[in-house]
Amino acid sequence: MSELIYVASIARSLENTLLGSEKITRMVFAESYEDALKILAESGFGNMSEGGVDAMIAAEELKLARFMKEAEGIKGLESFALRNDYHNAKALMKAKYAGIEDASFMLAPAGTLEVDALKDAVMNDEYGALPDLMAKALAEIDAAFASAPRSGRHIDEVLDKAMYAHVLAVSKKARSIEKYWRIEIDYANTQIFLRLRKSGGSERGFKDAFISGGEIGIDVFLPLMEETDETVIEKLSYTCVGRGIREYAPLKSFARFEACKDDEQLEIFKKDRYDLFGVAPVAGYYVAKKSELKAVKMITTLLKIGAEKALIKERLREFYV
């Protein structure tokens, strides 16, 4: 318990370093990309890293990964670090099959696995020391690629399924974190379904990509494959992704759909952020920081291409502070 109180206290302190609504809003209405970078630099974002916004975001990602290392051993929090592990596994598998020797530009900071150890395992097809679910997924990909065309999409699908099974397994004792992941699975499945319908995909394609573990079963989606857009929107608006569907419907905007997902996930922890005896302050800070990094990347990218302010605001999430 003392370890949890210590890490939760650090998280509460780190909340003061988040950009927050005022600075994010200033960035949205900045005159230029360069002005937005000045706002970030003045806020101490990215430790004044050289190399533009990508370097600044990378520096903040590294700081966040180091903070989460402090939380190792606290129930449920390992699940967030696993996301980096599986991202790196996907990147390394794609590099292996594409013949890319240096995949460092594709990698995220280490999660629960050291990057070099994961790289050695993937490149040498030696998965014995890796977590069981990841090892089985990697072996499955190798077996499929031995006799079928190689596809980055297949790598993503197999490892995503393994990741979500893994994070649900380790977050069972932390109900709020488990809920976070179940929301993510439902939104992911719904987005896969909507995109497949839009592109004329098949029922088989959806079955192959469907991720288990959410509240919405595959039996809800399959009868809607041949229905009209209006019927799909109406039926899904009564499910746990209803808020996202209602935001998506007017303009078929996945930006608003994803923003709703992020907002709902953040809300899980926001109400309990002052409880130093629970995981909410740590999980809430982590989720808020990831949302902030996503917002910074989005705003600066759109400013760089001279996008309309309305397009930027459409993609904004709710703020933690």
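Whatever comes next refers back to the structure up there.
Residues numbered from 1 in each chain as written. Predicted model: local features only at pLDDT ≥ 70, side-chain atom pairs only at ≥ 80, totals over all residues. Heavy atoms only, no water.

Quick look at the nonpolar core
With 78 residues, the main nonpolar core has Leu-77, Phe-80, Leu-130, Ile-177, Trp-181, Phe-193 and Phe-269 as its most contacted residues. Per-element accounting of this core gives the leading share, ten residues, to helix α9 (residues 175–199). If you look at the next biggest cluster of nonpolar residues, it comprises 24 residues, including Ala-36, Phe-45, Ala-295 and Leu-302. (Core = buried A, V, L, I, M, F, W, Y, C linked by side-chain atoms within 4.5 Å. Buried < 20%, exposed > 50% of the residue type's maximum accessible area, 1.4 Å probe, protein only. Helix = DSSP H or I, 4+ residues; strand = E, 2+ residues; numbered from the N terminus.)

Description of the state of the cysteines
Taken as a whole and judged by the stated rule, the model has zero disulfides. Summary of cysteine pairing: Cys-240 is not part of a disulfide, and the nearest cysteine sulfur, belonging to Cys-260, is at 13 Å. Note on Cys-260: relative accessible area 1%, which makes it buried. (Disulfide = S-S within 2.5 Å.)

Some points on the pattern of salt bridges
Inspection of every chain in the model, using the stated rule, returns 24 salt bridges. Salt-bridge contacts for Asp-142 lead to Lys-96; the nearest nitrogen and oxygen are separated by 3.2 Å. Placement of the pair is Asp-142 in helix α7 (residues 132–147) and Lys-96 in helix α5 (residues 78–98), with a sequence separation of 46 residues. The two residues Asp-142 and Lys-96 agree in class, both being buried. (Salt bridge = Lys/Arg side-chain N within 4 Å of Asp/Glu carboxyl O.)

Description of the packing of aromatic side chains
Within the structure shown, the criterion is met by 17 aromatic pairs. Clustering of aromatic rings is evident, with ring pairs tying together Phe-80, Tyr-164, Tyr-180, Trp-181, Phe-269 and Tyr-286. Here the basic side chain of Arg-195 rests over the ring of Phe-254, its NZ or CZ set 3.9 Å away from the ring centre. Here Lys-304 stacks its cationic end above the ring of Tyr-33, 4.8 Å away from the centre of that ring. (Phe/Tyr/Trp six-rings, centres within 6.5 Å; stacked < 30°, edge-to-face > 60°. Lys NZ or Arg CZ within 6 Å of the ring centre and 35° of its normal.)

Some points on a negative patch on the surface
Negative charge collects at one region of the surface, where Glu-114, Asp-116, Asp-120 and Glu-126 lie side by side. Accessibility expressed as a relative area gives 47% for Asp-120, which makes it partly exposed. (Patch = residues over 30% accessible without salt bridge, like charges linked within 9 Å, V, L, I, M, F, W, Y side chains within 5 Å. Areas by Shrake-Rupley, 256 points an atom, 1.4 Å probe, with all protein chains shown as cover. Lys, Arg positive; Asp, Glu negative; His and termini not counted. Charge placed at Lys NZ, Arg CZ, Asp CG, Glu CD.)

With respect to the environment of Ser-212
With respect to the helices and strands, the residue Ser-212 is situated in the loop between α10 (203–209) and α11 (218–221). As a C-alpha pair, Ser-212 and Lys-252 span 40 residues in sequence and 25 Å in three-dimensional space. Those residues within four positions of Ser-212 in sequence are excluded, and the remaining contacts are Leu-168 and Ile-185. (Contact = heavy atoms within 4.5 Å.)

Quick notes on the environment of Ile-24
Note on placement: Ile-24 falls in helix α2 (residues 20–28). Taking the relative accessible area as the measure of exposure, Ile-24 reaches 3% and is therefore buried. Between the alpha carbons of Ile-24 and Thr-300 there is a distance of 11 Å; along the sequence they are 276 residues apart.

Section: helix α8 (residues 152–170)
Side chains of residues three or four places apart in an α-helix project in the same direction, reflecting 3.6 residues per turn. The terminal C-alpha atoms of α8 lie 27 Å apart, and with 19 residues this matches the ideal 27 Å at 1.5 Å per residue to within 8%. Buried within α8 are the following residues: Ile-155, Glu-157, Val-158, Leu-159, Ala-162, Met-163, Tyr-164, His-166, Val-167 and Leu-168. Considering only its buried residues, α8 is in contact with α5, α7, α9 and α10. Where α8 starts, the residue carrying a side-chain oxygen 3.1 Å from the main-chain nitrogen of Arg-153 turns out to be Ser-151. (Expected span 1.5 Å × (residues − 1). Polar contact = N/O pair within 3.5 Å; in protein donor to acceptor, adjacent residues only side chain to side chain.)

Overview of the side chain of Glu-15
Relative to the helices and strands, Glu-15 resides in the loop between α1 (2–14) and α2. At a separation of 2.5 Å, a polar atom in the side chain of Glu-15 contacts the side chain of Arg-12.

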